[in-house]
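Secondary and tertiary structure notes
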Amino acid sequence: MLVSHQLVVLASNGGIESLVDGVSPDWGPFAALGSTARTVVQVIMAGVVMALLGRAAMGAFHIKVGEGQHDVAQVSKGKKEVGSSLIGAFVVASLATVFTIVYGMGI
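The rules behind these values
- Residues numbered from 1 in each chain as written.
- Predicted model: local features only at pLDDT ≥ 70, side-chain atom pairs only at ≥ 80, totals over all residues.
- Heavy atoms only, no water.
- Helix = DSSP H or I, 4+ residues; strand = E, 2+ residues; numbered from the N terminus.
- Contact = heavy atoms within 4.5 Å.
- Areas by Shrake-Rupley, 256 points an atom, 1.4 Å probe, with all protein chains shown as cover.
- Buried < 20%, exposed > 50% of the residue type's maximum accessible area, 1.4 Å probe, protein only.
- Axes fitted to C-alpha atoms, helices over the stretch in contact; angles between N-to-C directions.
- Parallel < 35°, antiparallel > 145°, perpendicular 65-115°, else oblique.
- Left-handed = near helix turned anticlockwise from the far one by under 90°.
- Nonpolar A, V, L, I, M, F, W, Y, C, P; charged D, E, K, R; others polar.
- Core = buried A, V, L, I, M, F, W, Y, C linked by side-chain atoms within 4.5 Å.
- Patch = residues over 30% accessible without salt bridge, like charges linked within 9 Å, V, L, I, M, F, W, Y side chains within 5 Å.
- Salt bridge = Lys/Arg side-chain N within 4 Å of Asp/Glu carboxyl O.
- pLDDT = per-residue confidence, 0-100.

Observations regarding the overall build of the protein
- Helix and strand counts for the protein come out as five helices and zero strands.
- In the protein, the succession of helices and strands from N to C terminus is α-α-α-α-α.
- Nonlocal contacts in the protein, meaning residues at least 24 apart in sequence, comprise 48% of its contacts between residues at least 6 apart.
- Total accessible area on the protein is roughly 7100 Å²; 71% of this is exposed by carbon and sulfur atoms.

Quick look at the environment of Ser84
- As for its placement among the helices and strands, Ser84 is situated in helix α4 (residues 72–93).
- Exposure remark for Ser84: the relative accessible area of 41% places this residue in the partly exposed category.
- Separated by 32 residues in the primary sequence, Ser84 and Leu52 place their C-alpha atoms 8.7 Å from one another.

A word on the packing of helix α3 (residues 35–69) against α4
- Interhelical geometry of α3 versus α4 gives an angle of 160° and a closest axis separation of 7 Å. Comparing the axis directions of α3 and α4 gives the class roughly antiparallel. Taken as a pair, α3 and α4 cross one another with a handedness that is left-handed.
- Among the residues forming the contact of α3 with α4, the class breakdown is 16 nonpolar, eight polar and five charged.

Here we look at the nonpolar core
- One finds Met45, Val49, Leu52, Ala89 and Val92 forming the largest nonpolar core, which totals five residues.
- Of all the elements in the fold, those that place two or more residues in this core are α3 and α4.
- Among the elements that take part in this core, α3 stands out by supplying three residues, more than any other.
- Beyond its immediate chain neighbours, meaning those up to four positions away, Val49 contacts Ala89, Val92 and Ala93.

Let's talk about a nonpolar patch on the surface
- A surface patch of nonpolar side chains, amounting to about 240 Å² of accessible area, comprises Val40, Ile44 and Val48.
- Within the fold, Val48 resides in helix α3.

Side note on the confidence of the model for the protein
- Chain-level pLDDT for the protein is 76 on average; 66% of the residues reach the 70-or-more range.
- By mean pLDDT, the top-scoring element of the protein is α4 (90), and the lowest-scoring one is helix α2 (residues 16–19) (50).

Here it is as structure tokens:
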């Protein structure tokens, strides 16, 4: 089954939970939130991850164009964008785990 087909199947189920299951903060400090607040947090986290991945794609575009034009500055800018965007996406995607660990240590 293709990834695009799996996304269409997940989207047809109707719930946002099936689309953002990887960034769903439903344990630890987030367990006390209501379902609406959890959904809002899930949507925000998923939106930030998607924006950062889009920025990484733009950085890759800058690298490709810079290599074609032999522009070292543009290649360097693209590398910085790709690196920082992927690190940011990893941090946002792992925030729920970090909050849960810190919350668990505080109990």
